[in-house]
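Here's the letter readout for the chains.
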Amino acid sequence: MSSVLSDPTLERHFKGHRDNVTSVDFSCNMKQIATGSMDSCVMIWNMKPQMRAYRFDGHKDAVLSVQFSPSGHLVASTSRDKTVRLWVPSMKAESTAFRAHTATVRSVNFSGDGQTLVTASDDKTIKVWTVHRQKFLFSLNQHINWVRCAKFSPDDRLIVSSSDDKTIKLWDKNSRECIHSFYEHAGYANQVDFHPSGTCIAAASTDNSVKVWDIRSHKMLQHYQVHSGVVNSLSFHPAGNFLITASSDSTMKILDLVEGKLLYTLHGHQGPVTGVAFSRTGEYFASGGSDEQASELSEHFNGQDAHAAAHAQSGSHSHSRATHSLTYRNPSSISSSAHQTQTQGLSQHQPRVQASDGGVPPGLASTLEHIIGQLDILTQTVSILEQRLTLTEDKLKECLENQMEIGVHLQRQEEA
């Protein structure tokens with residue numbers, strides 16, 4: 001049986017920013033979390049061995065994006081001040097700044113090997129840089145409005161970007177050509193990202209939806225309409241089975257991509273949730289919001305599905321020194337039966353294309369469970385029939401081969 005996500009458990013809240021948190025990211029070793037804020041600062045939260053926070057000042061305007069390098073030795077940040085900064089995440093807060101664009105820089109992303117950066121800007125361009133000495137390599141210029149986001153594919157061969165021009169563009173990094181454009185008709189994508197397999201992309205849209213596209217067939221694979229507000233951010237679980245989304249409706253949603261359904265709704269932020277990220281191992285995720293607060297939650301893989309949504313409590317507030325409150329919540333346990341998972345999925349969770357809190361009547365749930373049981377029996381019967389058919393084909397093939405050998409032998413006898 002494939003593993004599923006257990007009930008997310010709130011670990012802690014962080015409050016240290018003086019304005020909305022815009023972006024969050026984990027270091028590869030899970031020892032640090034980076035956050036960016038409208039207060040123009042970057043904060044590094046040391047998680048282990050003890051909780052400490054460091055405030056990095058340097059940007060002259062709001063910080064819109066932060067990301068750790070794959071090694072965890074650097075943090076990149078972008079700002080409305082048109083610059084990108086590379087920070088060493090230590091007490092010294094050393095940084096290197098370079099003017100990357102002629103307008104607000106919306107996002108930054110490291111390549112998988114940590115050698116290059118891609119940035120997206122309101123100047124309608126995407127630019128690629130070397131991390132060492134921040135050397136400009138090339139720009140991609142086909143968007144006709146602000147570029148919200150740009151990300152490398154897992155193999156670093158492609159770049160995906162989203163823009164206020166209502167397109168999501170897929171670029172070949174080597175040829176520097178746009179190889180496909182996906183069109184958003186009702187809104188634009190605030191953020192896009194590659195699935196860990198590199199075969200599809202997901203987009204968080206201003207039309208309150210989340211869409212998943214196959215980059216090979218260019219077809220939409222899934223369309224989730226589970227939020228009641230703009231979707232601001234999303235993050236794939238490293239295993240590729242789950243997607244977490246953050247919305248202006250003050251909730252986060254965890255989507256089961258295999259089943260194509262909503263798994264959890266998470267509450268806790270007092271306003272729009274503006275950023276969310278899974279840790280590199282997938283054991284934790286963090287979120288940031290317009291309540292000046294960042295939260296860290298844990299989730300674990302086992303053979304269980306879960307009933308309840310996770311609800312967070314407000315953390316302590318401090319501007320002079322970052323403090324945090326801890327709230328722990330025990331995960332729910334539930335039967336891991338494949339049949340129960342499917343029927344409970346229908347009654348406990350919303351469908352992938354419609355937001356609804358209505359449950360399935362007990363009688364209907366029982367009927368559906370019976371149908372699923374009958375389908376299992378039918379599947380097993382078909383499997384047995386296929387095995388028998390294969391055996392029959394093998395026997396027939398053997399008979400034909402024997403018959404041919406006898407025929408050849410008789411012919412040789414006649415010729416002799």
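Being a predicted model, the structure only gives us computed values, none of them experimental.

Further remarks concern the sheet that holds strand S17 (residues 167-172). Spatial strand order, S15-S16-S17-S18: 4 strands in an open sheet with antiparallel pairing. In this open sheet, the two edge strands, each paired with only one partner strand, are strand S15 (147-152) and strand S18 (177-183). Direction aside, neighbouring strands of the sheet carry axes that sit 20 degrees apart on average. As paired strands, S15 and strand S16 (residues 158-163) are joined by 5 bridges and run antiparallel to one another. When the sheet's bridge partners are listed, Cys149 is paired in S16 with Ser162.

Moving on: the nonpolar core. If you look at the biggest cluster of nonpolar residues, it comprises 14 residues, and the most contacted ones within it are Ala202, Val210, Tyr224, Leu234, Leu243 and Leu255. Breaking this core down by element, the ones donating at least two residues are strand S20 (200-205), strand S21 (210-214) and strand S23 (231-236). Each residue touching Leu234, except ones within four places of it in the same chain, is listed here: Gln191, Asp193, Ala202, Ala203, Ala204, Val210, Leu243, Ile244, Thr245 and Val276.

The subject of this paragraph is the sheet that holds strand S6 (residues 52-57). Overall, antiparallel pairing links the 4 strands, which are arranged S3-S4-S5-S6 in an open sheet. A single partner strand is all that each edge strand has here, and the edge strands are strand S3 (21-26) and S6. Shown here is a sheet whose adjacent strand axes are inclined to one another by a mean of 20 degrees, direction ignored. Pairing of strand S4 (residues 32-37) with strand S5 (residues 41-46) involves 5 bridges; the strand directions are antiparallel. Counterpart to Ile33 in the pairing with S5 is Trp45.

What follows covers the packing of aromatic side chains. Applying the stated criterion across every chain yields a total of 5 aromatic pairs. In this structure, Lys127 is placed above the aromatic ring of Phe136, and the distance from its NZ or CZ to the ring centre is 5.7 Å.

This part covers the UniProt feature "repeat: WD" (unreviewed entry) in the chain. Per the UniProt annotation, the sites labelled "repeat: WD" (unreviewed entry) are residues 14-55, 56-87, 98-139, 140-181, 182-223, 224-265 and 266-291. Across residues 56-87 one finds 0% helix and 56% strand; the C-alpha atoms that close the span lie 9 Å apart.

Summarising the sheet, S21 and strand S22 (residues 220-224) pair through 4 bridges and their orientation is antiparallel. What sits directly across from Trp213, in S22, is Met220. Count of turn residues in the S21/S22 antiparallel hairpin: 5 residues, of which His218 carries a positive phi of about 65 degrees.

So, on to the environment of Gly275. Positionally, Gly275 belongs in strand S27 (residues 273-278). The class of Gly275 is buried, set by a relative accessible area of 4%. Counting along the chain gives 210 residues from Gly275 to Ser65, while the straight-line C-alpha distance between them is 9.2 Å. Non-local contacts of Gly275, meaning those with residues more than four positions away in its chain, are made with Thr22, Val24, Ser233, Ala246, Ala286, Ser287 and Gly288.

A separate point is the confidence of the model for the chain. Averaged over every residue, the pLDDT of the chain is 80; residues scoring 70 or more account for 76%. Scored below 50 in pLDDT, residues 300-358 makes 150 contacts in the model with residues more than four places away or belonging to other chains.

Looking now at unusual backbone geometry. Notably, Arg133 is not glycine yet its phi reads approximately 70 degrees, a positive angle. In this structure, Arg133 sits in the loop between strand S13 (126-130) and strand S14 (136-140). The exposure class of Arg133 is exposed, given its relative accessible area of 69%. With a phi angle near 70 degrees, Lys166 is a residue other than glycine that sits in the positive phi range. Locating Lys166 in the fold gives a position in the loop between S16 and S17.

Calculation notes
Residues numbered from 1 in each chain as written. Predicted model: local features only at pLDDT ≥ 70, side-chain atom pairs only at ≥ 80, totals over all residues. Heavy atoms only, no water. Pairing = 2+ DSSP bridges. Helix = DSSP H or I, 4+ residues; strand = E, 2+ residues; numbered from the N terminus. Axes fitted to C-alpha atoms, helices over the stretch in contact; angles between N-to-C directions. Core = buried A, V, L, I, M, F, W, Y, C linked by side-chain atoms within 4.5 Å. Buried < 20%, exposed > 50% of the residue type's maximum accessible area, 1.4 Å probe, protein only. Contact = heavy atoms within 4.5 Å. Phe/Tyr/Trp six-rings, centres within 6.5 Å; stacked < 30°, edge-to-face > 60°. Lys NZ or Arg CZ within 6 Å of the ring centre and 35° of its normal. UniProt positions renumbered as here; feature names shortened; annotations may be inferred. pLDDT = per-residue confidence, 0-100.

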